[in-house]
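# Structure at a glance
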Amino acid sequence: MRKVLITGAAGFLGSHLSDRFIAEGFHVVGMDNLITGSMDNIAHLMPRKEFEFYYHDVSKFVHVPGDLDYILHFASPASPIDYLKMPIQTLKVGSLGTHNLLGLAKAKNARMLIASTSEVYGDPLEHPQQENYWGNVNPVGPRGVYDEAKRFQEAMTMAYHTFHGVETRIVRIFNTYGPRMRLNDGRVLPAFFSQAIRGQGLTVFGDGSQTRSFCYVDDLVEGIYRLLMSDYAQPVNIGNQDETTIMQFAEEIMELVGNDQAYLDRRPLPVDDPKVRQPDITLARKILDWSPKVSRDEGLRRTLPYFREAVARADAQKS
């Protein structure tokens, strides 16, 4: 049985990846220090013999006994509310954590895929963003701790690939959503869903004309799996090209949820908030024969029941 190490396994993406790799016949070693992940996301996997879990911070030395075929590095705070609260941990997991895991990949002769991000493009001057665009990032701004951690992560990964011959893959992930997202993680979709379900104001920053492109988690996982199994070592965008304004997105959420008490709550635009975000996925189509299959309307309908339950559970705990 092939073995894969997934860091950040108790997180939103890490838990879905764990499901996929077990379904593909792998033995999955999940690793997480739970600063943003939750054991609830992998509770269904704990009884399975194909899954084992290590509570560990990958910024410290990483040891996994026995053979290892693949490593997927998905450990990192990934939302503004998290990395603004934990800037040092964010920088360390992108630098020290990546270095430790690349060393493990070298020692085990394992192929390693890192989770990079569309944030490496910063507030882009190119639209949509192609992989050969170098970005427009403020390294000392509030978002710099995340953006530069990921840019360093890519550079370190390519250094190990070219200097040590480690097999590496780099996925640049654009906005992704689905079940198991945290209610309070600060990203737009959990915020809009929880606010609409509770009949609160949906927080729209600026005039709402900034754009995002949302990819359903199943599509993303498929793209990541194909990239890992490919022979392509350069960065690849994985995301949905269906672009929408934040204002339009808020209105879609309110209509889907159907709570007449929900309304729009306008706030000032945060510093360095990207004004546009849309992947060019030409490369993924060509190299991986991949493109998203789930429409935003369908993906939101699949996701709504999870958020209704999560909101009900959270509100019950408060009362």
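Residues numbered from 1 in each chain as written. Predicted model: local features only at pLDDT ≥ 70, side-chain atom pairs only at ≥ 80, totals over all residues. Heavy atoms only, no water.

Right, let's get into the pairing of strand 4 (residues 70-73). Side-chain alternation along strand 4 places Tyr70 and Leu72 on one buried face and Ile71 and His73 on a second face that is also buried. Of the strand pairs in this sheet, strand 1 (residues 3-7) and strand 4 are connected by 4 bridges, and their pairing is parallel. Bridge pairing links Thr7 to His73 in strand 4. Pairing between strand 4 and strand 5 (residues 111-117): 4 bridges, direction parallel. When the bridges of strand 5 are listed, Leu72 appears paired with Leu113. (Buried < 20%, exposed > 50% of the residue type's maximum accessible area, 1.4 Å probe, protein only. Helix = DSSP H or I, 4+ residues; strand = E, 2+ residues; numbered from the N terminus. Pairing = 2+ DSSP bridges.)

Bringing the environment of Tyr177 into the picture now. By the secondary structure assignment, Tyr177 is in strand 7 (residues 176-177). In this structure the C-alpha to C-alpha distance between Tyr177 and Arg198, which are 21 residues apart in sequence, comes to 20 Å. Setting aside residues up to four positions removed in sequence, Tyr177 forms contacts with Phe12, Leu189, Phe214, Cys215, Tyr216, Val217, Ser295, Arg296, Gly299, Leu300 and Thr303. (Contact = heavy atoms within 4.5 Å.)

Counting buried residues in helix 5 (residues 188-197) gives 9 out of 10 residues, a clear majority hidden from the surface. Residues of helix 5 that are buried include every one of Leu189, Pro190, Ala191, Phe192, Phe193, Ser194, Gln195, Ala196 and Ile197, and no others. The inward-facing, buried residues of helix 5 abut strand 7, strand 8 (201-205), helix 7 (246-257) and helix 9 (296-318). Gly199 sits one or two residues past helix 5 and shows a positive phi near 70 degrees.

Before going further, it helps to spend a moment on the layout of surface pockets. Quantified by volume, the second largest pocket comes out at close to 400 Å³. Along the walls of the second largest pocket sit 13 residues, with Ser38, Asp40, Tyr306, Ala310 and Arg313 positioned nearest its centre. Across the lining of the second largest pocket, the residue classes tally to 5 nonpolar, 4 polar and 4 charged. Of the residues that make up the lining of the second largest pocket, three or more belong to each of domain 1 (3-176 + 215-238) and domain 2 (179-212 + 242-276 + 295-317). (1 Å grid on protein atoms, 1.4 Å probe; cavity = no way out; pocket = protein on both sides within 12 Å on 5 of 7 lines; lining within 4 Å. Points joined across faces, edges and corners; volume = space filled by probe spheres on them. Nonpolar A, V, L, I, M, F, W, Y, C, P; charged D, E, K, R; others polar. Domains from an automatic or database assignment.)

Attention now goes to empty space enclosed by the protein. Using the criterion set out here, one finds 1 cavity of 30 Å³ or more in the structure. For the largest cavity, the calculated volume is near 30 Å³. Lining the largest cavity are Ala75, Ser76, Thr90, Val93, Gly94, Ala149, Lys150 and Gln153. Looking at the lining of the largest cavity residue by residue, the class counts come to 3 nonpolar, 4 polar and 1 charged.

Taking 1.5 Å as the rise per residue, helix 1 (residues 12-23) with 12 residues should run 16 Å; its terminal C-alpha atoms sit 17 Å apart, in good agreement. Of all 12 residues in helix 1, 10 are buried, a share of seventy percent or more. Restricting attention to buried positions, one finds in helix 1 the residues Phe12, Leu13, Gly14, Ser15, His16, Leu17, Ser18, Arg20, Phe21 and Ile22. At the C-terminal side of helix 1, Gly25 shows a positive phi close to 95 degrees. (Expected span 1.5 Å × (residues − 1).)

Note that side chains of opposite charge can pair when their charged atoms are close. Tallied over the entire structure, the rule returns 22 salt bridges. The salt bridge involving Arg20 is made with Glu222; its shortest N-O contact spans 2.8 Å. Here Glu222 lies in helix 6 (residues 217-229) and Arg20 lies in helix 1, a separation of 202 residues in the sequence. The partly exposed category is assigned to Glu222, whose relative accessible area is 22%. With a shortest N-O distance of 3.4 Å, Glu148 and Arg151 are connected by a salt bridge. With Glu148 and Arg151 both in helix 4 (residues 144-164), this residue pair falls 3 residues apart, about one helical turn. Arg151 gets classed as partly exposed once you look at its relative accessible area, which sits at 28%. Through salt bridges with shared partners, a single network forms among Arg20, Glu24, Glu222 and Arg226. (Salt bridge = Lys/Arg side-chain N within 4 Å of Asp/Glu carboxyl O.)

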